[in-house]
Structure formats: structure tokens, C-alpha cells
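The lines below spell out each chain.
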Amino acid sequence: YIYIRRRGEGMSGVLGDVDVAIVKALEARGGSALQTELQNDVRVPKTTLWRHIKKLEKLGIVRVEKVGLQNRIILVRRVKV
């Protein structure tokens, strides 16, 4: 059986603590930051951060751009957190 929980909370029901921390860190840095800068701000392992960034990208909240050998994360849509 598959159990699907639906919430009427909008994005707040979808975003976890790490997701919210990433969005707040991006807002504090003016809307964009390198992945390493976010990693220092949020204080999570690189793979965990990347997994949450990809989730936010899929939701249309951030965009990832390649800058040389690094990733720049850009806040595309502001969300109420």
C-alpha cells in the first residue's frame, strides 16, 4: 500500500529544516551563492546539501549554474518560510 499525505500548508509542508536554511542563506547573500559558501552557512555535508539543492531546483525555487568548476545557486522564487 502507498500512503500519500496531503497538506493544505503550501510550500511549508514540502520544505524541511535544511531547505529553509538554504533559502534563508541565499536571501542573506543577496539571492545567489556558490555551493561551498552555502555549505559553510548551512553546515551540512556536501552530498546532503546537493540533494536539498536538487529538490529546491525541482520545485522551481532555485537554479543551478556552472561557474568554472563550481556551482552557483541562484534564488529564483521567493518563498514564505
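Heads up: the structure comes first, above all this text.
What counts, and at which threshold
Residues numbered from 1 in each chain as written. Predicted model: local features only at pLDDT ≥ 70, side-chain atom pairs only at ≥ 80, totals over all residues. Heavy atoms only, no water. Pairing = 2+ DSSP bridges. Helix = DSSP H or I, 4+ residues; strand = E, 2+ residues; numbered from the N terminus. Axes fitted to C-alpha atoms, helices over the stretch in contact; angles between N-to-C directions. Salt bridge = Lys/Arg side-chain N within 4 Å of Asp/Glu carboxyl O. Buried < 20%, exposed > 50% of the residue type's maximum accessible area, 1.4 Å probe, protein only. Core = buried A, V, L, I, M, F, W, Y, C linked by side-chain atoms within 4.5 Å. Contact = heavy atoms within 4.5 Å. Expected span 1.5 Å × (residues − 1). Arc of directions from axis to C-beta.

A.B. asks: Looking at this structure, how should I read the sheet that holds strand 2 (residues 62–67)?
C.D. replies: Where strands meet in a sheet, backbone hydrogen bonds hold them as pairs that are either parallel or antiparallel. Taken in spatial order, the three strands make up an open sheet running 1-3-2, and their pairing is antiparallel. At either margin of the open sheet sits one strand with a lone partner, and together these are strand 1 (32–34) and strand 2. When the angles between neighbouring strand axes are averaged without regard to direction, this sheet yields 25°. Relative to strand 3 (residues 70–75), strand 2 is paired through six bridges, and the arrangement is antiparallel. What sits directly across from Val-64, in strand 3, is Ile-73.

A.B. asks: Could you clarify how one ought to interpret the pattern of salt bridges in this entry?
C.D. replies: Side-chain pairs of opposite charge can arise whenever the charged atoms involved come near each other. All told, the structure shown has five salt bridges when counted by the stated rule. Its salt-bridge partner being Lys-54, residue Glu-57 comes within 2.8 Å of it at the nearest N-O pair. With Glu-57 and Lys-54 both in helix 3 (residues 46–58), this residue pair falls three residues apart, about one helical turn. According to the relative accessible area criterion, Glu-57 is partly exposed, its value standing at 26%.

A.B. asks: Just checking my understanding: could you explain the nonpolar core for this structure?
C.D. replies: In a soluble, globular protein the nonpolar side chains are often hidden away together inside. Counting 17 residues, the largest nonpolar core has Ile-22, Leu-26, Leu-38, Ile-53, Leu-56, Ile-61 and Val-62 as the members making the most contacts within it. Top element by residues in this core is helix 1 (residues 17–28). It accounts for four residues. In this structure, Ile-53 is in contact with Ile-22, Gln-35, Leu-38, Val-62, Val-64 and Ile-73, ignoring residues within four places of it in sequence.

A.B. asks: Looking at this model, I keep getting lost on helix 1. Mind explaining?
C.D. replies: An α-helical turn contains 3.6 residues, so any two residues separated by three or four positions project in the same direction. The end-to-end C-alpha distance of helix 1, which contains 12 residues, comes to 16 Å, matching closely the 16 Å that a straight helix rising 1.5 Å per residue would cover. Among all positions of helix 1, only Asp-19, Ile-22, Val-23, Ala-25 and Leu-26 are buried. Looking straight down helix 1, one finds that the buried residues subtend no more than 160° of arc, so they occupy a single side. In helix 1, the exposed positions that point more than 90 degrees away from the buried face belong to Asp-17 and Ala-28. Buried residues belonging to helix 1 abut strand 1, helix 2 (35–42), helix 3, strand 2 and strand 3. Of the residues trailing helix 1, Gly-30 is marked for its positive phi of about 85°.

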